[in-house]
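Chain by chain, the residues:
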Amino acid sequence: VPADIVALIVEELNTPTQPPHTPYTYTQQTAKLLHTVALPRVDLIRQEDLDLVTWLRDIKGTPLAGSLLQLDLSDTHINDQGLALLSHVPRLKHLALRNCNKIQGNGFNKVTCKFEFLNLRNCTMLRGRHLVSLLPGSKDSLTTLILSGCTRLKDEDMHIMAQFARLRSLRLSHCDKLGHRAFVHLSKAQSLHTLSMAHCFLLGTPAPEFPDDATHPLLSMPQLQHLNLSFCFLHDRSLPLLRAIAKGSFMRLISLKIKQNSLSRGFFLSLCSLCSQGMMPALSVIDLSSSLALPHVASSTGNVSAGSMIPFIIQHLSSPTYHPFMSSIKISSHKPAPLSPSAIAIPTIPLALPLPLAPAPTARRRTSIRNSPRLLAASRALVSMSTSAPAPPPPPPPPPLPQCPFPPPPPPP
């Protein structure tokens, strides 16, 4: 080993130990030593002082260039000029560029790598039109694309997704310019099985271009297995998106996450009807946490409180008559007034047994309800079912809550 390299190695070994979970800090000289080793993976996370343009320019023709398969340049100052130099690493398949805010995407037009995994989370300057440059190399290889937090993406940019023949997982959370028309393009991606559009607030607005539930493009995606529409301000009585879920035939859907939305009894009735008719035979996980945001709903059959809906949902979704394979239900409710509602834990309900439900002593306790005073009595009753202990007396009824300003849901079928 040359003497100058030995001196560098000894100097690095004598460096004081850094705190846990702190990335190793490369100098330009130590980073250049990586070029001499045939490594399949290199992580340069948070190397803000490293000149990556020079490092990628010097990698050409080195042992590392011929062996590198995975590269993580997250939280660095790499720009489109450095992105174009990835053409010196022809075998690269996994690339992570999280929080790289200097990338607009035009550097991809010189990259011919056959990416299988591409993470561009929180690249806030990324332009959707530059994603077309990925097609020559990755059209038949890309399976996972993460674009969460790329706030410049628009509905019309989603047309590129249908051209990736093997794209299976697409994450678009926090892309706040995406709305209902994005589904028009996404519905053409027939290989897509995992879609996350959490925090896409425009999905909570009316969709005048789809006046009829049967015309919503989400119905053209029966191949979906995992769907996440949490934190989108969805409301089933004013939004065709959830009604499309409640009317569609999603035979392969395994998990459905609709956390932190405003759902009424009509949606749950439709969901139970789908399960009983075998329209969602693969559904095993449904997450409705904090989606009962209407603590007092006026319906055609009377006033239905959020507390009274909890046993109703558990009874219908966990009953073997409706769905014998449901393995996990997460439900919680909250009052709109308090900012920090209290939480209590109740045991997991064994979903393969007929009601009344009596969980085994070894059953793990996973289901939780963020409670309002109205829910306390219902949760204590469920606890008493599993422990065979007498339920404590219910608390005094809370004061009447204001009437819901939304129109009542349609009567249950």
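Quick word on the confidence of the model for the protein chain
For the protein chain, the mean per-residue pLDDT works out to 76, and 66% of the residues sit at or above 70. Segment residues 321–325: pLDDT under 50, and 15 contacts once partners within four positions in sequence are set aside and those in other chains are kept.

A short note on a nonpolar patch on the surface
On the surface, Val 1, Val 6, Ile 9 and Val 10 cluster together into a nonpolar patch covering about 350 Å² of accessible area. Mapped onto the elements, Ile 9 comes out in helix H1 (residues 3–13). We classify Ile 9 as partly exposed; its relative accessible area is 40%.

A word on the state of the cysteines
Per the stated rule, a full pass over the model turns up zero disulfides. Looking at the unpaired Cys 100, the closest cysteine sulfur is the one in Cys 123, lying at 5.3 Å. A relative accessible area of 0% means that Cys 100 is categorised as buried.

Some thoughts on the packing of aromatic side chains
In total, this model carries one aromatic pair according to the counting rule given. For the ring pair Phe 201 and Phe 233, a centre distance of 5.4 Å and an interplane angle of 45° mean the geometry is tilted. Residue Phe 201 is located in the loop between strand S7 (194–196) and strand S8 (226–228), and its partner Phe 233 is located in the loop between S8 and helix H8 (240–247); the two are separated by 32 residues in the primary sequence.

A closer look at the side chain of Ser 255
With respect to the element layout, Ser 255 can be found in strand S9 (residues 255–257). On the basis of relative accessibility, which here comes to 11%, the residue Ser 255 falls in the buried class. A distance of 2.9 Å separates a polar atom in the side chain of Ser 255 from a polar atom in the side chain of His 226. Discounting residues that sit within four places of it in the chain, Ser 255 has contacts with Gln 225, His 226, Leu 227, Leu 283 and Val 285.

Analysis parameters
- Residues numbered from 1 in each chain as written.
- Predicted model: local features only at pLDDT ≥ 70, side-chain atom pairs only at ≥ 80, totals over all residues.
- Heavy atoms only, no water.
- pLDDT = per-residue confidence, 0-100.
- Contact = heavy atoms within 4.5 Å.
- Patch = residues over 30% accessible without salt bridge, like charges linked within 9 Å, V, L, I, M, F, W, Y side chains within 5 Å.
- Areas by Shrake-Rupley, 256 points an atom, 1.4 Å probe, with all protein chains shown as cover.
- Salt bridge = Lys/Arg side-chain N within 4 Å of Asp/Glu carboxyl O.
- Helix = DSSP H or I, 4+ residues; strand = E, 2+ residues; numbered from the N terminus.
- Buried < 20%, exposed > 50% of the residue type's maximum accessible area, 1.4 Å probe, protein only.
- Disulfide = S-S within 2.5 Å.
- Phe/Tyr/Trp six-rings, centres within 6.5 Å; stacked < 30°, edge-to-face > 60°.
- Polar contact = N/O pair within 3.5 Å; in protein donor to acceptor, adjacent residues only side chain to side chain.

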